[in-house]
Amino acid sequence: MSNASVHANRPSSLTITIDGREVNAVRGQTILEAAEAAGVWIPRLCHFPGLEEFGGCRVCVVVANGRSCASCTQPVAPGMVVENETEQVLETRRAIIEMLLVEGNHFCMFCEKSGRCELQALAYRLGITASRFDALWPKREVDASHPDVLIDRNRCILCSRCVRASRDFDGKHVFHFAGRGAHKRIVVNSSGSLADTSVASADRALEVCPVGSILPKRRGYDVPVGARTFDVAPIGAGTERARPEESR
Amino acid sequence: MGEQAGDRRIVIEPVTRVEGHGKVTILLDEQGRVRQARLHVVEFRGFERFIQGRPYWEMPVAVQRLCGICPVSHHLCAAKAVDHIVGADRLTPTADKVRRLMHHGQFFQSHALHFFYLAAPDLLFGFGSDVLARNVIGVARAHPELAKRGILMRKWGQEIIRVTSGKRIHGTGAIPGGVNKNVSLAERDEALRDLPQMIEWAQAAVGLAKDYTLSHLDELADFGSFESSHLSIVRSDGALDLYDGNLRAIDADGRTIFDGVAPARYADVLAEDVKPWSYMKFPFIRDLGPDDGWYRVGPLSRMNTCAFIDTPLAEAARREFRAITGPRPCHVTMAYHWARMIETLHAAEKIGELLHDSDLQGSDLVVRGERRSEGVGIVEAPRGTLFHHYRVDDDDLVTMCNLIVSTTSNNVPMNRAVESVARKYLSGREITEGLLNHVEVAIRAYDPCLSCATHAMGQMPLEVDLLDADGRLVDRRVRDGS
């Protein structure tokens, strides 16, 4: 019996529970996708719709059947019991966000991405006012050599969205990782200078950056305070608004 | 004149009811006479250095973090400098007026804060009055209506800032070449509702400051006062213009030292000196040299340099103010308070004028022109003339930043005031808290912002140590400010 026929005999729809609530899912979905479809928001930084999953930031951590896993890469299974908003899970997420905040040089008070930054928005939503960890204050480079695009590595969280978006959305392969561990960083596929790449300010690689690391030049602060993405609604509110009325 | 064997050193640290952290050291000789008195600014901020390498459009938002009291001044001054870099030589009427509205909201709230919260305890109760009541709580107990006005005036000014910049403190309204929002009719109407009350209260505050100054003039005329040059920007017709204009400096007799100097040429007429004992720089007028080129800035100086004020109530108040000294400039340090309240009234009138202008509701917000590598912005901040100067490279990153903040210009004057008051009130006497407060009163007249960032607000203790020549503690007086 081939694998195909086995799959063909299994129902494609299944049920999981998230924080005790039954949620319909489809075989092949990740936990994050199933939750999203059911109006349950799970925080995330490296996941982006339409991009291959990376599973790197770990902010989407949940406990599934008693084990911690990245919900953006873990497929659903029939009867799976998922913990999303338990104190243990929330605390793990807070610790991850706080580590990200000290690992780079994040100055929300004057960052032009403030109010539109997913890292900042997650910190606010999870109730983080300061990190419990000591800041590392790493020395990072700014590449402003391109006439219209800037990389500020001080704010990069190595989520790889730009790497995948440049490759899969823009078809350009502009961004890559180099180095390992604490020395890992975003590089560009040229002389090493952004000016020598084919990047353009309209590239989706810029749009998907969750933080203020890859930016179109000269547009900072053009949206007034009060009208910025997360001034209007907190992160995740869009997913939660879409949740079916009876299950709220 | 340094420390000598047998000298005693008194330290007032921190100086209270000023913005930021500073200390005063007073050296007494064996006879208890004041040998030297200095105001030290003990904070190091370093903005000029760490802003290097950042994109120029960050400047208005980043550099305003220098200050929590008048961030709008830094925000707008940086924006004006960056306007030159993006080639925006003339903003749209909407952008110009939204920025001016923000600026006058800033003046109104900052001046109200200083007069009602920081200066009022000295003026109402006396410089040497009971320390337990000589604070903002004491003002609230003895003069509840006055304290309430101070709070509500400040609130109104901050609301003006919010509708123009998005936030009461550290907004983002001014961007290179313009602004990112206009003022809606609803926002305008909300601000207009309290305008008549604010003008009335500002007039009353002018009256209070005037009456205080005139009734104490004999004492105040000699209190930390001295003749000096004065500097500010003024409009092309000589009118008081807090947002834009060219540099004018006058000497102690009111004669012009220079006039009509465009902001971009500021370094032709001003230079900066450094001293080993303070993190502040010492700007001076080039033609007069580092020793004699010091000058004063701020409300007192602006009353002296401007030819007139273009709002009627403030102009009438200015005429009364100037009538005291006739054709000569006013040099009375404590008259800063009166001048400050005249400007508060002017700010309220200007806000009213701007709120009635339909350009505020315009949608043409930003202009850009030919990109340049350098920009200078100058505004009159509540505490005096503020300079921002940036150079940027071809990649749009800042390579040089020079800031001359108002308190820096008033550095020499404040030190003169400190020394003069110390000599007059402390020499040969037993030092008491009340006497030491006289030194702080002279500093407070300038409303200094020592760091442009932090607040003391009367909550910090004052500790004075008297050491003998061998450094042994012989006396200590502690004022617990909590």
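Residues numbered from 1 in each chain as written. Chains lettered and ligands numbered in written order. Predicted model: local features only at pLDDT ≥ 70, side-chain atom pairs only at ≥ 80, totals over all residues.

**A few points about the overall build of chain B**
Test applied: Working definition: helices are DSSP H or I runs of at least four residues, strands are E runs of at least two. Numbering for both runs from the N terminus. This radius of gyration counts C-alpha atoms alone. The globule rule is 2.2 Å times how many residues there are, raised to the power 0.38. Buried, partly exposed and exposed are defined by the number of other C-beta atoms within 10 Å of a residue's own C-beta, namely 20 or more, between the two limits, and 12 or fewer respectively, with C-beta atoms placed from the backbone. Here, residues touch in the contact sense if the C-beta positions derived from the backbone fall within 7 Å of one another.
Helices and strands together make up the secondary structure of chain B, namely 17 helices and 16 strands. In terms of overall size, chain B behaves like a compact globule, its C-alpha atoms giving a radius of gyration of 22 Å where 482 residues would be expected to give roughly 23 Å. For chain B, the spread of C-alpha atoms along the principal axes amounts to about 70 × 50 × 45 Å. The buried share of chain B, taken over its 482 residues, is 53%. In chain B, the proportion of contacts linking residues at least 24 apart, taken out of those at least 6 apart, comes to 71%.

**Side note on the overall build of chain A**
For chain A, the count of helices and strands is eight helices and ten strands. Computed over the C-alpha atoms, the radius of gyration of chain A is 19 Å, within 12% of the 18 Å expected from 2.2 N^0.38 for a compact globule of 248 residues. Its C-alpha atoms give chain A principal-axis dimensions of about 55 × 45 × 35 Å. Taking all 248 residues of chain A together, the buried fraction comes to 40%. For chain A, long-range pairs separated by at least 24 residues make up 66% of all intrachain contacts whose partners lie at least 6 apart in sequence.

**Thoughts on unusual backbone geometry**
Look at A:R218: it is not a glycine, yet its phi comes out positive at around 65°. With respect to the element layout, A:R218 can be found in the loop between β10 (214-216) and α7 (229-232).

**Concerning the sheet that holds strand β6 (residues 142-143) of chain A**
Residues and elements named next belong to chain A. Note the following rule: Strands qualify as paired when DSSP identifies two bridges or more between them.
Read across the open sheet, the three strands follow the order β6-β7-β10; overall the sheet is antiparallel. Of all strands in the sheet, those bounded by a partner on one side alone are β6 and β10. Bridge analysis of β6 against strand β7 (residues 149-152) gives two bridges, and the strand direction is antiparallel. Looking at the pairing, V142 lines up with D152 of β7.

**Comments concerning the interface of chain A and chain B**
Our working definition: Any residue that is not Ala, Val, Leu, Ile, Met, Phe, Trp, Tyr, Cys, Pro, Asp, Glu, Lys or Arg is counted as polar, Gly included; the first ten are nonpolar and the last four charged.
Contacts between the two partners involve 16 residues from chain A and, on the opposite side, 19 residues from chain B. In terms of residue class, the side of chain A that touches chain B is built from nine nonpolar, three polar and four charged.

**Focus on the confidence of the model for chain B**
Residue and element names in this part refer to chain B. Just so we agree on the cut-off: As a per-residue quantity, pLDDT reports the predictor's confidence and falls between 0 and 100.
In this model, chain B carries a mean pLDDT of 90, and residues with pLDDT of at least 70 account for 90%. Below pLDDT 50 for its whole length, residues 452-464 participates in 43 contacts with residues either more than four positions away or in separate chains. Here the complex is predicted with pTM 0.91, and the ipTM for its interfaces comes to 0.91.

**Some details on the environment of B:L288**
All names here are of chain B. Its location among the elements puts L288 in the loop between β10 (281-285) and α11 (289-292). Accessibility expressed as a C-beta count within 10 Å gives 15 for L288, which makes it partly exposed. C-alpha of L288 to C-alpha of F387: the two residues are 99 residues apart in sequence and 20 Å apart in space.

**A few points about the domain arrangement of chain B**
Residues and elements named next belong to chain B. Rule in force here: Domain delimitation in this document rests on an assignment produced automatically or drawn from a domain database.
When the domains of chain B are assigned, the result is domain 1 (8-45 + 412-479) and domain 2 (91-225 + 347-362). Counting from both sides, the interface comprises 15 residues of domain 1 and, opposite them, eleven residues of domain 2. Broken down by secondary-structure element, the contributors of at least two residues to the side of domain 1 that touches domain 2 are α16 (411-426) and α17 (433-444). With eight residues, the single largest contributor to the side of domain 1 that touches domain 2 is α17. The residue inventory of the side of domain 1 that touches domain 2, partitioned by class, reads five nonpolar, five polar and five charged.

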